[in-house]
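Next come the chains, spelled out residue by residue.
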Amino acid sequence: MKSLNYSFFLAIASLLACSCVEYISLNTEDPREVVVNCILRDTTAQELELFWTAQNDDKGPLERIRQADAVLVRLGSGGEQEVGAFNCGADGIWRLDYRPEAGMTYRLIVSVAGQSVSAETQMPHGFRVQTVPNPILIAYPSYVSRHHYPSRQITADDADAFPLLAWFTGEKGLVQRVVSSHEQTDSFNSLNEGDRFLLGVMEWEMNGTIYLVDKGPDQLEESDYIKRPYLDRIAVISQHKGYENNYYHPAVKTGYSSTIDQGYIRTLISRYPEYGAYEKNWMVWGPDFDIWPASGETASELHIQRPSAELLSYLKDVITLTAKTDDTDFTQVFSQKTPYTNIRGGRGVFGAATEYVEDYSDYDERMTAFYQTILNDEFPKQ
């Protein structure tokens with residue numbers, strides 16, 4: 001079955017037999033219900049899919065609804081205003097030429113065969129994703145491939161706090177395991193395995209002064225590592241103004257270091273305060289974070305999305321219900337319960353989102369070159 005012309009639903013289609021299979025009623029006494037799939041996007045074209053839930057022992061794809069009245073209404077201080085009606089195409093997908101306004105609340109109303117269903121959602125504002133130079137990576141461009149030294153800043157003008165979704169896609173569809181360095185990453189879909197990042201330093205006191213020095217392999221303890229769990233398919237992040245993150249590297253290093261002098265990092269921190277990096281407890285901190293595929297995974301695109309509250313609840317529920325489940329047989333899961341829905345009188349989801357998509361196929365090479373150029377400009381070889 002074709003899914004919405006929307007990246008997450010295209011990716012998750014490989015995990016769900018169809019985007020509505022979770023709504024199949026396994027109770028043969030239930031009447032058929034209307035299923036709605038509609039995600040408003042920051043484009044001039046909106047799409048809607050309508051189905052009937054299955055009855056008895058129906059086999060095959062769900063029956064599409066092709067005859068209905070489906071309208072989109074904008075809600076505001078001036079009252080309700082119908083902005084357009086969806087029209088059903090030959091492929092069974094309903095379409096409306098309209099670009100939603102950021103911050104506005106919308107109501108979807110669908111009337112079919114004597115049934116009426118409706119739902120509301122708010123269109124999120126856009127956001128910015130920037131690569132802000134990380135002083136550690138300027139000093140150590142080769143560390144880019146380790147991924148846990150962050151360089152990504154995400155901001156929005158309309159709010160000090162907002163949710164984010166992040167996932168990767170590749171040749172095989174949705175990347176199964178991702179990692180986030182953000183301290184406010186939701187743990188609802190954490191897996192048992194993960195990555196450990198070695199701080200690799202210890203405190204050393206001499207004449208009342210505390211220094212950080214390299215530890216030998218036989219001296220390492222669990223406290224010398226920062227752990228980040230693998231996440232099942234998506235990272236759900238609570239981003240907020242004033243967020244700070246440990247960049248996982250000492251700002252000051254003494255002893256037996258054979259790498260670039262840590263003075264480079266300190267010089268960059270003081271010279272470029274706009275990078276947002278600073279020292280705290282002899283470590284580099286700042287507002288940056290990053291998301292990357294787990295070890296063994298490959299990705300061609302990174303997707304970062306700011307979802308409406310309804311879409312966030314729906315996707316978290318779908319991920320939870322399909323965890324550790326065969327890719328095509330969800331009978332055991334959905335005979336017990338169905339995902340979140342905000343559709344009054346029916347099932348499904350009516351949500352909204354703005355999205356950022358980045359080519360990730362050459363990320364390491366591109367970022368290494370980016371940092372190497374800055375290093376050469378800042379500290380040219382004599």
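Each remark here, short or long, concerns the structure printed above.
A few points on the structure.

Conventions used here
Residues numbered from 1 in each chain as written. Predicted model: local features only at pLDDT ≥ 70, side-chain atom pairs only at ≥ 80, totals over all residues. Heavy atoms only, no water. Buried < 20%, exposed > 50% of the residue type's maximum accessible area, 1.4 Å probe, protein only. Helix = DSSP H or I, 4+ residues; strand = E, 2+ residues; numbered from the N terminus. Arc of directions from axis to C-beta. Pairing = 2+ DSSP bridges. Axes fitted to C-alpha atoms, helices over the stretch in contact; angles between N-to-C directions. Salt bridge = Lys/Arg side-chain N within 4 Å of Asp/Glu carboxyl O. Core = buried A, V, L, I, M, F, W, Y, C linked by side-chain atoms within 4.5 Å.

Points about helix 3 (residues 263-271)
Because the α-helix completes a turn every 3.6 residues, residues three or four places apart line up on one side. Taken together, the buried positions of helix 3 are Ile 265, Leu 268 and Ile 269. One side of helix 3 holds all its buried residues, which, seen down the axis, span an arc of 100°.

Section: the side chain of Arg 233
By the element assignment, Arg 233 lies in the loop between strand 17 (225-232) and strand 18 (235-240). We classify Arg 233 as buried; its relative accessible area is 3%.

Some thoughts on the pairing of strand 23 (residues 301-307)
With six of seven residues buried, strand 23 lies mostly within the body of the structure. Sheet topology note: the strand 11 (residues 161-170)/strand 23 ladder contains five bridges and is antiparallel. Bridge pairing links Phe 168 to Leu 302 in strand 23. As paired strands, strand 23 and strand 24 (residues 347-359) are joined by seven bridges and run antiparallel to one another. Among the inter-strand pairings, Pro 307 is bridged to a residue of strand 24, identified as Ala 353.

Side note on the sheet that holds strand 19 (residues 245-250)
One open sheet holds the three strands; their spatial order is 19-21-20, and the pairing between them is antiparallel. Each edge of the sheet is formed by a strand with only one pairing partner; in this case those strands are strand 19 and strand 20 (278-280). Put simply, the sheet's adjacent strands are angled 40° from each other on average, direction ignored. As judged from the three bridges shared by strand 20 and strand 21 (residues 283-286), these two strands associate in the antiparallel manner. Within the sheet, the bridge partner assigned to Lys 280 lies in strand 21 and is Met 283.

Some points on the pattern of salt bridges
This model, assessed by the stated rule, comprises 24 salt bridges. Measuring nitrogen to oxygen at the nearest pair gives 2.8 Å for the salt bridge that ties Glu 33 to Arg 347. Of this pair, Glu 33 sits in the loop between helix 1 (7-12) and strand 1 (34-41) while Arg 347 sits in strand 24; the two residues are 314 residues apart in sequence, bridging distant segments of the chain. Looking at Glu 33, the relative accessible area reads 21%, which means it is partly exposed. Among the residues examined, Arg 347 registers a relative accessible area of 15% and is labelled buried. In this structure, Arg 74 and Glu 101 form a salt bridge, with 2.2 Å as the shortest nitrogen-oxygen distance. With Arg 74 in strand 3 (residues 69-76) and Glu 101 in the loop between strand 6 (94-97) and strand 7 (105-112), this pair connects stretches of sequence that are 27 residues apart. Given a relative accessible area of 34%, Glu 101 falls into the partly exposed group.

Details of the sheet that holds strand 3
Reading across from one edge, 4-3-7-8 is the order of the four strands in this open sheet, with antiparallel pairing throughout. Looking at the sheet topology across the chains shown, the edges are occupied by strand 4 (79-85) and strand 8 (115-122). Each strand of the sheet is rotated relative to its neighbour by a mean of 25°, with strand direction disregarded. Pairing of strand 3 with strand 7 involves seven bridges; the strand directions are antiparallel. Each bridged residue has a counterpart across the sheet, and for Ala 70 the counterpart in strand 7 is Val 110.

Comments concerning the nonpolar core
Counting 50 residues, the largest nonpolar core has Ile 154, Phe 168 and Ile 304 as its most contacted members. At five residues, helix 6 (residues 363-378) tops the list of elements feeding residues into this core. Among the nonpolar cores identified, the runner-up in size contains 25 residues, and Leu 40, Ala 70, Val 112 and Ile 343 belong to it.

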